[in-house]
Amino acid sequence: MDGAQIEGVAIGENGLTLTLPDGSQGYYNFWWLRDNCRSSFDAETRERTFDIFHYATTPRPAEARIEDGALVIDWAGEDHVSRYPLGMLADYATGAPRHDPADLPRRPWYSDHYPNVTRVSHPLLLESAEERRRWMEALLVEGIAIVTDMPDSDEGLTRTAELIGTIRPSFFGAYFDVRTHIKPTNLAYTAKALELHTDVPSEELAPGIQFLHCRANSVVGGQNLFLDGTAVANDLRREDPEAFRLLTEIDIPYYKEHDGIDMRARQRVIELDRHGEVSGVTISQHMADVFDLPQHVLDSYYPAFVRFGRMLQEDRYVMRFTLRATECIVFDNHRIVHGRAAYSATSGERYLRGTYTDRGELRGIYRGMVSTGRFG
Ligand SMILES: [Fe+2]
């Protein structure tokens, strides 16, 4: 029946063509149609329970027709009729990725952003879904937000983080305490300046969302430095496209040796999303390994790397402020670059407690809140 027209549906060798409600022609593969019959999905778990692998050859329609705004297929060789609303078929007509409500355009920000950083109050977050949505949206769009009115307790941080994900340990453990240590294992645990960086790129999947809960801060100095890495990378793209290309294409090695663990991972300094837009940056001089790239590649890579590193330090990008006790700054560790000015360790107390959750889980919770999912 190849090429046959059956009630508005043209059957081809591997699929069928029909007219969609907007008048355009839509083509659909038979395997895809059989695999995505509504009955393939369990009503409760919404997972696919149908096994397309038991077909040795292409499933084919014995009959196909348009009926009441749906494509109806009676499958050959089996007792099964599928019904596909034309609206559902239209969603998959172009091969474009399914609409993602968490795929929000990023809004770049600069050094003057501090007064406009989204602030949400801890007690309000606990009781208001709308406040949690506003918070998550800020993290997706601007990559940063401050939670105020935090309780002075370990549990306060846990409860905050668990609103948007599951605590995700790094090889330092589930939580980390940033204060001056007698025998520091990490530069963060000293009173020295901490260069601008993203956390733990030595892990294959570097931590996603970072929480820094300020429990005490009465020292002299120690200003917090935060900048939007995507804003800087977008400027580099305009100013030096070749440097930008190198930083988006070449992986560089990161490492951390700690308590008998030899952590190593390779990362790109600038990360692009599926639209080709800058989605993040990864930078850490203190965890950068010796670059084991061909030395001639380094002839062009190092100038690009240094140019970007110097741009990160420019005043137009770096937001400087002092995090106050009772505040918890929350940010996308793959986008927001942070650091700290030196402080006087004897001038007072400084204690930040931190943890991480996952970026994918943040988006998942956000989608669950603002949309109804695939099956309505
Ligand atoms: Fe850090």
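A quick note: this is a predicted structure, and the numbers were derived from the prediction, not measured. (Residues numbered from 1 in each chain as written. Predicted model: local features only at pLDDT ≥ 70, side-chain atom pairs only at ≥ 80, totals over all residues. Heavy atoms only, no water.)

Caption draft 1: Spotlight on the sheet that holds strand β20 (residues 328-332). Read from one edge to the other, the open sheet built from six strands follows the order β8-β9-β20-β12-β23-β10, with strand pairing classed as mixed. The two strands at the open ends of the sheet, each matched to only one other strand, are β8 (119-121) and β10 (175-178). Within the sheet, the average angular offset between the axes of one strand and its neighbour, ignoring direction, is 25 degrees. Relative to strand β23 (residues 350-357), β10 runs antiparallel, the two being bridged by four bridges. Looking at β23, one finds that phenylalanine 176 is bridged to glycine 354. (Pairing = 2+ DSSP bridges. Helix = DSSP H or I, 4+ residues; strand = E, 2+ residues; numbered from the N terminus. Axes fitted to C-alpha atoms, helices over the stretch in contact; angles between N-to-C directions.)

Caption draft 2: Region of the structure containing helix α9 (residues 359-370). Taking 1.5 Å of rise per residue, twelve residues should cover 16 Å, and α9 covers 17 Å from first to last C-alpha, within 8% of that figure. Three or more residues of α9 are buried, namely Arg359, Leu362 and Tyr366. Projection of α9 onto a plane perpendicular to its axis shows the buried side chains occupying an angular sector of 60 degrees, all on one side. In this structure, the buried side of α9 is in contact with α4 (129-141), β12 (209-217), β17 (270-272), β18 (278-281), β20 and β23. At the N-terminal end of α9, a side-chain oxygen is found 3.0 Å from the backbone nitrogen of glycine 360, two or three residues along, and the residue is aspartate 358. (Expected span 1.5 Å × (residues − 1). Buried < 20%, exposed > 50% of the residue type's maximum accessible area, 1.4 Å probe, protein only. Arc of directions from axis to C-beta. Contact = heavy atoms within 4.5 Å. Polar contact = N/O pair within 3.5 Å; in protein donor to acceptor, adjacent residues only side chain to side chain.)

Caption draft 3: Highlighting the sheet that holds strand β21 (residues 336-340). Here four strands make up an open sheet; going across it, the order is β11-β21-β14-β19 and the pairing antiparallel. A strand with exactly one partner marks an edge of an open sheet, and here the two such strands are β11 (194-197) and β19 (319-321). Taking each pair of neighbouring strands and ignoring which way they run, the sheet shows an average axis angle of 15 degrees. Judged from the five bridges that link them, strand β14 (residues 224-228) and β21 form a sheet pairing that is antiparallel. Its bridge partner lying in β21, phenylalanine 226 is registered against histidine 338.

Caption draft 4: Structural context of the environment of proline 201. Turning to its location among the elements, proline 201 is positioned in the loop between β11 and β12. Distance in space between the C-alpha atoms of proline 201 and proline 59 is 47 Å, their sequence separation being 142 residues. Excluding residues within four positions of it along the chain, proline 201 makes contact with Ala206, Tyr254, Ala265, Gln267, Thr282, Ser284 and Met287.

Caption draft 5: Representation of the pattern of salt bridges in the model. Following the criterion strictly, the structure yields 34 salt bridges and no others. The salt bridge involving arginine 238 is made with aspartate 235; its shortest N-O contact spans 2.2 Å. Separated by three residues within a single helix, arginine 238 and aspartate 235 lie in helix α6 (residues 229-239), roughly one turn from each other. A relative accessible area of 7% places aspartate 235 in the buried class. (Salt bridge = Lys/Arg side-chain N within 4 Å of Asp/Glu carboxyl O.)

Caption draft 6: Region of the structure containing the packing of aromatic side chains. Scanning all chains against the criterion turns up 14 aromatic pairs. Consider the rings of tyrosine 114 and phenylalanine 321, whose centres lie 4.5 Å apart with planes at 20 degrees: the pair is stacked. Of the two residues, tyrosine 114 sits in the loop between α2 (86-91) and β8 while phenylalanine 321 sits in strand β19, which places them 207 residues apart along the sequence. Take phenylalanine 321: its relative accessible area is 4%, and that puts it in the buried class. (Phe/Tyr/Trp six-rings, centres within 6.5 Å; stacked < 30°, edge-to-face > 60°.)

Caption draft 7: Region of the structure containing the nonpolar core. Core analysis: the biggest nonpolar cluster contains 32 residues, and Leu247, Val269, Ile270, Tyr301 and Phe308 have the highest contact counts within it. Elements with a minimum of two residues in this core: β14, α6, α7 (241-249), β15 (251-258), β18 and α8 (295-312). If one sorts the elements of this core by residue count, α8 sits on top with seven residues. In contact with isoleucine 270, other than residues within four places in its own chain, are Ala233, Leu236, Phe244, Leu247, Thr248, Val278, Gly280, Val281 and Phe308. Counting 22 residues, the second-largest nonpolar core is a separate cluster that includes Ala161, Leu163, Ile209 and Cys328. (Core = buried A, V, L, I, M, F, W, Y, C linked by side-chain atoms within 4.5 Å.)

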